[in-house]
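Overview (structure and organization)
Listed here are the chains, written in short residue letters.
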Amino acid sequence: MLNDPILLDDWHVVAYAPDLVEGKPVGVRLLDEDLVLWRVGEQIHAWRDLCLHRGTRLSLGKIENECLVCPYHGWTYNEEGQCVRFPAHPGQKPPATAHTKVYQAKQKYDWIWVTLGNPARDVPDFAQWDDAAFHKVHCGPYTYNASGPRAIENFLDVTHFPFVHTGLLGDPAYPEISDYQAEITPEGVIARDITVWQPDPDATGQGALVTYTYQVLRPLTAFFIKSSGGPRFAMYFTITPVSERVSIAWTYVARDYDAVPDDQVRQFEDMITLQDVPIVESQRPELLPLDLQAELHLRSDRTAIAYRKWLRELGLTFGTA
């Protein structure tokens, strides 16, 4: 297992909760660790995906009588992770050492979150989730063959809108970004009053200047909300660090207007992300540089600069250079 306590002691999305059905184990990967997820009623289990007998993936097994059964030799594990049956030796009681590695897991925002360590804080807050004024649309997941911090920094960057998302989020004829301030706080990074021109920000067919507030809540979880007038729009974005160079992005779009059907929102986010992915995957170095002298910066990069400074202060090593 890697040695990065910042990410080990944090919560990470590993699955969309409706996809984890009772009776069917699922294999996922987090921070270079293979995990098996399985559900008994409302209880969600996340274990190392490894039978202690001959190293078979437990995610290939089945669930019987609220136990997980290995597909190779039928070793049977109860909900605490303890092996309770050796089918080849039914009269032998499995020793206490026949116990798989168990991790904390919980369901929140219709996602399954897992931590490989001992987090001091709960899952990062999604302010709009319990606000009935906002309609939430789940988008993704999206795979990047890139580091998690690179993907988060792309999410924070509005200056690429006119060039990567021409006609959708920006226009090369209006590339200017307002001056703004970004600061590091005890809760992460916040950047206010970022104003950019967009072709159709409110689904009215009319272009307008739009102002946003961006926040980085955890090293791999970020958020923005439209802070200028008119209909309100927000996005919650979190990354699963599968490995240092493989990431999975999970997104919610939250809005207080119903002008756009959910499927159309998802199609739009799919299109935006598919434009972002090859750009992020092409960046070199592949790992995000935390040395501010490693790349050139402008004042419009203040959010990214604050993000890199904050990661360096935290001591994050995974996905960074």
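Data block above holds the structure.
Residues numbered from 1 in each chain as written. Predicted model: local features only at pLDDT ≥ 70, side-chain atom pairs only at ≥ 80, totals over all residues. Heavy atoms only, no water.

**So, the sheet that holds strand S7 (residues 76–77)**
Strand order in the open sheet formed by four strands is S5-S6-S7-S8, and the pairing between neighbours is antiparallel. Strands at the two margins of the open sheet, each flanked by one partner only, are strand S5 (62–64) and strand S8 (83–85). Bridge count for S5 against strand S6 (residues 67–69) is three bridges, and the pairing is antiparallel. Residue pairing for S6: Ile63 is matched across the bridge by Leu68. (Pairing = 2+ DSSP bridges. Helix = DSSP H or I, 4+ residues; strand = E, 2+ residues; numbered from the N terminus.)

**Overview of the sheet that holds strand S10 (residues 111–115)**
Reading across from one edge, S1-S10-S9-S4-S3-S2 is the order of the six strands in this open sheet, with antiparallel pairing throughout. Two strands close off the open sheet at either side, each with one partner strand: strand S1 (12–16) and strand S2 (26–30). Taking each pair of neighbouring strands and ignoring which way they run, the sheet shows an average axis angle of 35°. Both strand S9 (residues 102–108) and S10 contribute to a ladder of five bridges, which runs antiparallel. Looking across to S10, one finds that Gln107 is bridged to Ile112. (Axes fitted to C-alpha atoms, helices over the stretch in contact; angles between N-to-C directions.)

**A word on helix H2 (residues 148–156)**
Given 3.6 residues per helical turn, the α-helix brings residues three or four places apart onto the same face. Within H2, nine of the nine residues are buried, leaving the element largely enclosed by the surrounding structure. When H2 is considered as a whole, its buried residues turn out to be Gly148, Pro149, Arg150, Ala151, Ile152, Glu153, Asn154, Phe155 and Leu156. (Buried < 20%, exposed > 50% of the residue type's maximum accessible area, 1.4 Å probe, protein only.)

**Quick look at the nonpolar core**
Membership of the largest hydrophobic core comes to 63 residues, with the highest contact counts inside it found for Leu37, Ile112, Val114, Tyr144, Tyr214 and Tyr307. Beyond its immediate stretch of four places on either side in the chain, Tyr214 contacts Phe155, Leu156, Val158, Phe161, Val189, Ile190, Ala191, Ile194, Phe223 and Phe224. Listed in part, the 16 residues of the second largest apolar core include Tyr109, Leu217, Ala234 and Tyr252. (Core = buried A, V, L, I, M, F, W, Y, C linked by side-chain atoms within 4.5 Å. Contact = heavy atoms within 4.5 Å.)

**Quick look at the pairing of strand S15 (residues 221–226)**
Counting buried positions along S15 gives six out of six residues, so the element sits mostly inside the fold. Neither face of S15 is exposed, since Thr221, Phe223 and Ile225 on one face and Ala222, Phe224 and Lys226 on the opposite face are all buried. Between the end of strand S14 (residues 208–218) and the start of S15, which pair antiparallel, lie two residues. Relative to strand S16 (residues 233–243), S15 is paired through five bridges, and the arrangement is antiparallel. When the bridges of S16 are listed, Phe223 appears paired with Tyr236. Between S15 and S16, which follow one another and run antiparallel, lie six residues, and Gly230 among them has a positive phi close to 90°.

**Details of the pattern of salt bridges**
Counted under the stated rule, the structure contains 21 salt bridges. The partner of Arg57 in a salt bridge is Asp49, with the nearest N and O atoms 3.7 Å apart. For Arg57, a relative accessible area of 39% corresponds to the partly exposed category. Judged by its relative accessible area of 5%, Asp49 falls in the buried class. Here Glu295 ties to Arg150 by a salt bridge, and the two come within 3.2 Å at their closest N and O atoms. Placement of the pair is Glu295 in the loop between helix H4 (262–282) and helix H5 (302–314) and Arg150 in helix H2, with a sequence separation of 145 residues. Classification of Glu295 as partly exposed rests on a relative accessible area of 22%. By relative accessible area, which is 2% here, Arg150 ends up buried. Beyond isolated ion pairs, a larger network of salt bridges with shared partners links Arg29, Asp32, Asp34, Asp49 and Arg57. (Salt bridge = Lys/Arg side-chain N within 4 Å of Asp/Glu carboxyl O.)

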